[in-house]
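A look at the structure
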Amino acid sequence: MRLAVNGRTLHKVVAGLGKHAVLLVVTVVLGFPLLWMVLTSLKSNYQSLHIPPVWWPHPILWRNYPQMIHAVAFYRFVLNTLMYAGLTIVGVCISSSLVAYGFSRIRWRGRDFLFQVMVSTMLIPFFATLIPLFVMYRHFHMVGWYLPLVVPTFLGSSVFSSFLLRQFFMTIPQSVSDAARMDGANELTIFSRVILRMAKPALATVILFQFIYCWNDYLGPLIYINTQTWYPISLGLYFILGTYTTNWPWVMAAATAATLPIIVLFFFTQRTFIAGIAIQGTGAKG
Amino acid sequence: MRATKEAEPQAAKMRRGSHRPRDSVRRRSWSGRRTRNGLLFVSPWVIGFLLFFAYPFFATIYYSFTNFDGTTAKWIGLTNFINLFHDPLFRTSLFNTFFYTVFELPLSTAAALGLALLLNMDVKGRAVYRTIFYIPSIVPLVASCIIFVWMFNPATGIVNDLLIGAHLPAPGWFFSIAWSKPSFILLGLWGVGQPMVIYLAGLQSIPAEMYEVAALDGAGPWQRLRFIILPMLSPVILFNVILQLVACFSYFTQVQVIENGDIGGPGTSTWMYVQYLYQQAFEYLKLGYSSAMAFFLFVISAIVMVLLFRSSSRWVYYASER
């Protein structure tokens, strides 16, 4: 009897070790590129190109970072990105919450049809409408700065955010609105005083995703931003890659500097993050 | 995607309500006010839709029948489309995009699902593993490209060093015609964190009793995957496949960054559809020609989406529909 129990425990321990071994191998494979990025960013140029590769930087050249930041005015890229993100976050929060409210908290004829139209625009490739948009923005002299990327966010262009907020608004019981209506509140009051206040976690998710979207966005700025002083991080990285082709530690320092803030942000907001993605998944359920 | 269904019971209630004997005039004004309010709330999107979607959509169709340089559009009928189908680079880019999609879609689905299954195991430190597995997908795309082009450098990269150390062939990766496409597929596989987390959430919503019942019936791990997990996850799989497809149709940034010295290279092995569209539009200002490409892209993706939704009734299982 005793032996059998021991055997079972042993079996469990072995199985547990096996699981950890598999998970660790995957961890190494997925984590290695980031480790290699950081290691390269601390090497001398000579070391980085050495064959066979030098694994550990010796000496550790922290000065690659200040040198790179100084040489390309990296902080400008960061400031531009923060501005881009900040402006679009304002736009998305205002327009998407209004739109989500209209699509969830009021019942009206044609609502579900319009909602389906909105969601299906997400399936249309970005490039299918790009050319007339570019011509239009050029006509209004908006090309060259962030206006073509910012203005649409005030008009509900972030369908994803509207969708996410709507999913959240639908989970708030209708009785909350009814009670406010009894007190004589109109829709705008219910929206701003009741629903928005309850939706703070959902808004946090939207803000987080919008921030990351802007931080990573490459195609939008590539098309509309054409002066280096206005480059966001993505274009800045591309510029550094093209300019310092022979100085990989600097390129890697720039890549690390662009990646690290996002990873740190992720660590502090993990719960909001994962919840947001899970809400996305609920869209899949019929 | 089809979340609107949740609203259906409410809509049904409304319809039933309208049969109730009531002052019909007051009712109509009440529902009219609701329609007005609803439309007012969604009006930002309606304006945005007309301005930034409907107008450019129809303008694209119009431009595709013209010779357009950004100022004057001259009607030339079907010439753009005829030229398109005689353009070898157009066909190459279409093929390359198709090739990438056909391999990336199943591989990334399998990888995301596999990782989610690993993370769903009952082990200590699961949250830590989940975090690590997810991180590659939030790395800025340009940074991922830079890391990969560096690691997979044929001469000085760490990957080939390891391969040579293991007495394996060391290919030219992003810089060889045979290996460039697989290299981009590998890059895509590194960033499957997003679908992985969605699958994981789906896995965790499968009730434990289902596994218990299956275990009583003597189902092994394979049957469990085949008859419980995959059917239960099928709506989520459809959702992720749609997102992946949209991304594949617009595959651009990675090629632009990695092959920056020789866009579409080596040879023509990485010319992607929208890459070519972008070049024709913004480098050569052949806006009519590229509009024809854009319209054709829309037609293709619409066909694929319709086929996917049609087929989904056969393989997607909605538990709520029973």
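No experiment lies behind these values; they were computed from the predicted model shown. (Residues numbered from 1 in each chain as written. Chains lettered and ligands numbered in written order. Predicted model: local features only at pLDDT ≥ 70, side-chain atom pairs only at ≥ 80, totals over all residues.)

Right, let's talk about the overall build of chain A for a bit. When helices and strands are counted, chain A shows 14 helices and zero strands. Of the regular secondary structure in chain A, the N- to C-terminal order runs α-α-α-α-α-α-α-α-α-α-α-α-α-α. Overall size of chain A, expressed as C-alpha extent along the three principal axes, is 80 × 75 × 35 Å. Within chain A, buried positions represent 41% of all 286 residues. (Helix = DSSP H or I, 4+ residues; strand = E, 2+ residues; numbered from the N terminus. Buried ≥ 20, exposed ≤ 12 C-beta atoms within 10 Å, placed from the backbone.)

As a further point, take the packing of helix α5 (residues 111-121) of chain A against helix α8 (residues 159-170) of chain A. All names here are of chain A. Across the interface, α5 lies against α8 with an axial gap of 9 Å and an inter-helix angle of 135 degrees. In terms of axis orientation, α5 runs oblique to α8. Classified by chirality, the crossing of α8 by α5 is left-handed. Across from Met-118, Val-119 and Thr-121 in α5, the residues of α8 making contact are Val-159, Ser-162 and Phe-163. (Axes fitted to C-alpha atoms, helices over the stretch in contact; angles between N-to-C directions. Parallel < 35°, antiparallel > 145°, perpendicular 65-115°, else oblique. Left-handed = near helix turned anticlockwise from the far one by under 90°. Contact = placed C-beta atoms within 7 Å.)

So, on to the nonpolar core. Core analysis: the largest hydrophobic core is formed by 115 residues, its most contacted members being Leu-237, Ala-254 and Ala-255 of chain A together with Ile-146 and Ala-294 of chain B. Residues Leu-30 of chain A together with Leu-115, Leu-119 and Val-316 of chain B belong to the second largest nonpolar core, which totals 25 residues. (Core = buried A, V, L, I, M, F, W, Y, C linked by C-beta atoms within 7 Å.)

Attention now goes to the environment of Val-142 of chain B. With respect to the element layout, Val-142 of chain B can be found in helix α6 (residues 141-151). As for Val-142 of chain B and Thr-253 of chain B, which are separated by 111 residues in sequence, their C-alpha atoms are 7.5 Å apart.

Let us now look at the domain arrangement of chain B. Domain annotation of chain B identifies domain 1 (21-63) and domain 2 (81-321). For domain 1 of chain B and domain 2 of chain B, the distance between their C-alpha centres works out to 36 Å. (Domains from an automatic or database assignment.)

Moving on to the environment of Val-236 of chain B. Inspection of the secondary structure assignment puts Val-236 of chain B in helix α11 (residues 221-249). Sequence separation between Val-236 of chain B and Ile-198 of chain B is 38 residues; the distance between their C-alpha atoms is 7.3 Å.

Residue and element names in this part refer to chain A. By the element assignment, Pro-249 lies in helix α14 (residues 248-282). For Pro-249, a count of 25 C-beta atoms within 10 Å puts it in the buried group. It is 49 Å that separates the C-alpha atoms of Pro-249 and Phe-115, two residues lying 134 residues apart in sequence. Setting aside its immediate chain neighbours within four residues, Pro-249 contacts Thr-40, Ser-41, Lys-43, Ser-44, Asn-45, Ser-48, Leu-61 and Asn-64.

Between chain A and chain B, the contact holds 87 residues from the first and 86 residues from the second. Per-element tally for the side of chain A that touches chain B: the top contributor is α14 of chain A, with 15 residues. Grouping the amino acids of the side of chain A that touches chain B by side-chain chemistry returns 57 nonpolar, 23 polar and seven charged. (Nonpolar A, V, L, I, M, F, W, Y, C, P; charged D, E, K, R; others polar.)

With that settled, the discussion passes to helix α5 (residues 126-134) of chain B. All names here are of chain B. Along α5, the residues classified as buried are Tyr-129, Arg-130, Phe-133 and Tyr-134. Along the long axis of α5, the arc covered by the buried residues comes to 125 degrees, so they all point the same way. Opposite the buried face of α5, at more than 90 degrees from it, the exposed residues are Ala-127 and Val-128. (Arc of directions from axis to C-beta.)

This brings us to helix α8 (residues 180-190) of chain B. Each full turn of the α-helix corresponds to 3.6 residues, which orients residues three or four apart in the same direction. All names here are of chain B. Residues of α8 that are buried: Ser-180, Ser-183, Phe-184, Leu-187 and Gly-188. Looking down the long axis of α8, one finds its buried residues gathered within 145 degrees of arc, a one-sided arrangement. Tucked into the core, α8 has its buried residues touching α4 (88-119), α6 and α12 (253-258).

In this chain, His-58 of chain A is followed by Pro-59 of chain A through a cis amide linkage whose omega measures -5 degrees. Along the polypeptide, Pro-59 of chain A turns up in the loop between α2 (45-48) and α3 (64-72). Not every positive phi belongs to a glycine, and Leu-285 of chain B is a case in point at roughly 50 degrees. With respect to the helices and strands, the residue Leu-285 of chain B is situated in the loop between α13 (273-283) and α14 (287-315). Taking the C-beta count within 10 Å as the criterion, Leu-285 of chain B has 14 such neighbours and is therefore assigned partly exposed.

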